[in-house]
Amino acid sequence: MLHRGLGDAAIGRRLGIGHRTVQRRVHRLMERWSAPGRVALGARAQELGLLGEGRVGDPAFAEERLAESA
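Values in this document were obtained by computation on a predicted structure and should not be read as measured data.

Scoring rules and cut-offs
Residues numbered from 1 in each chain as written. Predicted model: local features only at pLDDT ≥ 70, side-chain atom pairs only at ≥ 80, totals over all residues. Heavy atoms only, no water. Axes fitted to C-alpha atoms, helices over the stretch in contact; angles between N-to-C directions. Helix = DSSP H or I, 4+ residues; strand = E, 2+ residues; numbered from the N terminus. Parallel < 35°, antiparallel > 145°, perpendicular 65-115°, else oblique. Contact = heavy atoms within 4.5 Å. Nonpolar A, V, L, I, M, F, W, Y, C, P; charged D, E, K, R; others polar. Core = buried A, V, L, I, M, F, W, Y, C linked by side-chain atoms within 4.5 Å. Buried < 20%, exposed > 50% of the residue type's maximum accessible area, 1.4 Å probe, protein only. Salt bridge = Lys/Arg side-chain N within 4 Å of Asp/Glu carboxyl O.

S.K.: Residues and numbers for the packing of helix α1 (residues 8-15) against helix α2 (residues 19-32), please.
M.R.: Across the interface, α1 lies against α2 with an axial gap of 8 Å and an inter-helix angle of 110 degrees. Relative to α2, the element α1 is oriented roughly perpendicular. Between α1 and α2, the contacting residues are D8, A9, I11 and G12 on the first element and H19, V22 and Q23 on the second. Here the residues of the contact of α1 with α2 are counted per class, giving three nonpolar, three polar and one charged.

This is the structure in structure tokens:
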């Protein structure tokens with residue numbers, strides 16, 4: 001959803017979590033993957049194959065991956 005340009009509040013609504021939770025998880029992912037920003041985080045997710053067919057925009061997949069990475 002970051003890849004599609006959605007903000008934290010919109011992502012939170014789609015996943016059924018608060019925007020602050022999204023902010024914390026995005027921040028943790030940026031730290032874990034050494035990404036200096038959201039765009040770099042998206043590029044890193046692409047490198048890791050997390051944006052493959054059937055995955056982009058799938059809230060269940062996104063929530064599962066965020067939980068694993070948090």
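Here the narrative resumes.
S.K.: Go over the nonpolar core with me, naming the residues and quoting the values.
M.R.: In this structure, I11, W33 and L41 are the most contacted members of the largest nonpolar core, which totals 15 residues. Taken together, the elements giving at least two residues each to this core come down to α1, α2 and α3 (38-47). The leading source of residues in this core is α2, at four residues. Beyond its immediate stretch of four places on either side in the chain, I11 contacts M1, L2, L6, V22 and R38.

S.K.: Explain the pattern of salt bridges residue by residue, including any values.
M.R.: Any two side chains of opposite charge can pair, so long as their charged atoms come close to each other. The full count for this structure, using the stated rule, is two salt bridges. The shortest N-O distance in the salt bridge between R38 and D8 comes to 2.8 Å. Taken together, the residues R38 in helix α3 and D8 in helix α1 connect sequence positions 30 residues apart. Look at R38 and you get partly exposed, because its relative accessible area is 34%. Given a relative accessible area of 13%, D8 falls into the buried group. For the salt bridge of E47 with R44, the shortest nitrogen-to-oxygen distance reads 3.0 Å. Highlighted residues: E47 and R44, both in helix α3, separated by three residues, approximately one helical turn. Overall, E47 belongs to the exposed group, its relative accessible area being 59%.

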